[in-house]
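Spelled out, the chains give:
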Amino acid sequence: MSDPAHSGQGRWEVPLWRDVTDGQWNDWRWQVKHSIRTPDALKKVLRLTAAEEEGFLATREVFHMAITPYYAALMDHGDPTCPIRRQAVPHIAETHITDAEMRDPLTEDTHVVAPGLVHRYPDRALLLVNNMCAMYCRFCTRKRYTGAVNETLPKAEFQQVLEYLHAHPEVRDVLVSGGDPFMMADARLDELLAGLRSVPSVEVIRIGTRVPVVLPMRVTTELTQILRKHAPVWVNTHFNHPKELTAEARAACGRLVDAGVPMGNQTVLLKGVNSSVRTLKALFQLLVATRVWPY
Ligand code: SF4
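Attention in this report is confined to the structure presented alongside it. Source: prediction; values computed, not measured.

1. Overview of the pairing of strand 5 (residues 204-208)
In the case of a regular strand, side chains alternate between the two sheet surfaces.
Next, step 1: Of all five residues that make up strand 5, five are buried, and the element is covered over most of its length.
Next, step 2: Alternating positions in strand 5 separate into two faces, Val 204, Arg 206 and Gly 208 on one and Ile 205 and Ile 207 on the other, with burial throughout.
Next, step 3: As judged from the four bridges shared by strand 4 (residues 173-177) and strand 5, these two strands associate in the parallel manner. Considered in strand 5, the bridge of Asp 173 is made with Val 204.
Next, step 4: For the handedness criterion, the β-α-β arrangement of strand 4, helix 9 (residues 186-197) and strand 5 is classed as right-handed.
Next, step 5: Bridge count between strand 5 and strand 6 (residues 233-237): four bridges; the pairing is parallel. Counted as the bridge partner of Arg 206 is Trp 234 from strand 6.

2. Brief notes about the side chain of Asn 265
Next, step 1: By the element assignment, Asn 265 lies in strand 7 (residues 263-265).
Next, step 2: Here Asn 265 falls in the buried class, since its relative accessible area comes to 0%.
Next, step 3: A polar contact of 2.9 Å, which involves the side chain of Asn 265, links it to the side chain of Thr 267.
Next, step 4: Setting aside chain neighbours within four positions, we find Asn 265 in contact with Thr 237, His 238, Phe 239, Leu 287, Val 292, Trp 293, Pro 294 and Tyr 295.

3. Notes on the packing of aromatic side chains
Next, step 1: Under the definition given, this model contains three aromatic pairs.
Next, step 2: Summarising the aromatic geometry, the rings of Trp 25 and Trp 30 are spaced 5.9 Å apart at their centres and angled 45° between planes, so their arrangement reads as tilted.
Next, step 3: Its relative accessible area of 4% is what places Trp 25 among the buried residues.
Next, step 4: You can call Trp 30 buried: its relative accessible area is 11%.
Next, step 5: In this structure, Lys 143 packs its charged tip against the face of Phe 63, placed 5.0 Å from the ring centre.
Next, step 6: When the ring centre of Trp 28 is taken as origin, the NZ or CZ atom of Arg 218, which lies over that ring, is 4.2 Å away.

Calculation criteria
- Within any chain, residue numbers begin from 1 and follow the written order of that chain's sequence.
- For a predicted model such as this one, the threshold for reporting local features is a pLDDT of at least 70, and the threshold for listing and counting side-chain atom pairs is 80 or more; totals across whole chains, interfaces and linings nevertheless cover every residue.
- Side-chain numbers here rest on the full set of heavy atoms in the structure, without hydrogens or water.
- Exposure is judged per residue with a 1.4 Å probe applied to protein chains only, and the accessible area is read against the type maximum: over 50% gives exposed, under 20% gives buried, and values in between give partly exposed.
- The way it works is that DSSP assigns letters per residue, a run of H or I at least four long becomes a helix, a run of E at least two long becomes a strand, and they are numbered from the N terminus.
- Strands are treated as partners if at least two bridges between them are detected by DSSP.
- Handedness of a crossover is defined as follows: with both strands directed away from the viewer, a clockwise route from the first strand across the helix to the second makes it right-handed.
- Any N or O atom pair separated by 3.5 Å or less is treated as a polar contact, with the protein-specific requirement of one donor-capable and one acceptor-capable atom, and with residues adjacent in sequence counted only for side-chain atom pairs.
- In what follows, residue pairs with any heavy atoms lying within 4.5 Å of each other are defined as contacts.
- Note on aromatic contacts: the rings of Phe and Tyr and the six-membered ring of Trp form a pair at centre separations within 6.5 Å, being stacked when their planes are under 30 degrees apart, edge-to-face when over 60 apart, and tilted otherwise.
- We call a charge positioned above a ring when the Lys NZ or Arg CZ atom is no farther than 6 Å from the ring centre and deviates by at most 35 degrees from the ring normal.

Interpretation in functional terms is not warranted from these geometric data alone.
Put into structure tokens, the structure is as follows:
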């Protein structure tokens, strides 16, 4: 099993972050504000390859790059095949689109029944609440949406969602996704969950988020209290490699589970990142030890 304690170059080896205090580093707003968004900023952390630099230029109009300092510190600065780096840093190979690839591979757009609400299966629905992510995954299947200008579902449109759910009691499970719902302010998230809870037929709320992986400091006491208040709320996250299960990430998952939030993990099978039995076995074993169920 790879040792997460030796998973990257570390914060202290990057001159850019040497004067950053622990208080700043552990503040999720500081992390978001100082996210890496340009090749010049990234070069202060990594030796970029030509293919990565070209990748940034070729994709910047269609899909953002944003990498939290926390996640960037896990990267191997001299190895372009580093599994953390491959998930976050653009590469020219991204522009090679085959005929088999689709803009909307899960045909979500054709099942939209209210703003942001996708109703494809009889008893469950998907609610896209925002298009902002803490880190933009290069493999994202929702680039058509997450690549757009940052916005959150307006309150008036959310009312239309609630009207639809009230009129469709067969929907008992709502998966809240985006973007990343945990990038919303606490008050807004609280309001959103309260709205969903006002629909008697909605039994289960699930939240899809990569925050525990790329911005674990966002899992604050206030956030866990909001989730606890609206229980049962499940959190589905997205660890793809054992290197991502750092002490900070495992502690964030622990805070959620201790607040009574059941956690599941959906791993995306990614060539060159986790496409080996050894890596997946190490990942799943570590997830179970973290009290996060892998599937
Ligand atoms: S966090 Fe999810 S929605 Fe955002 S870029 Fe990654 S895969 Fe896409």
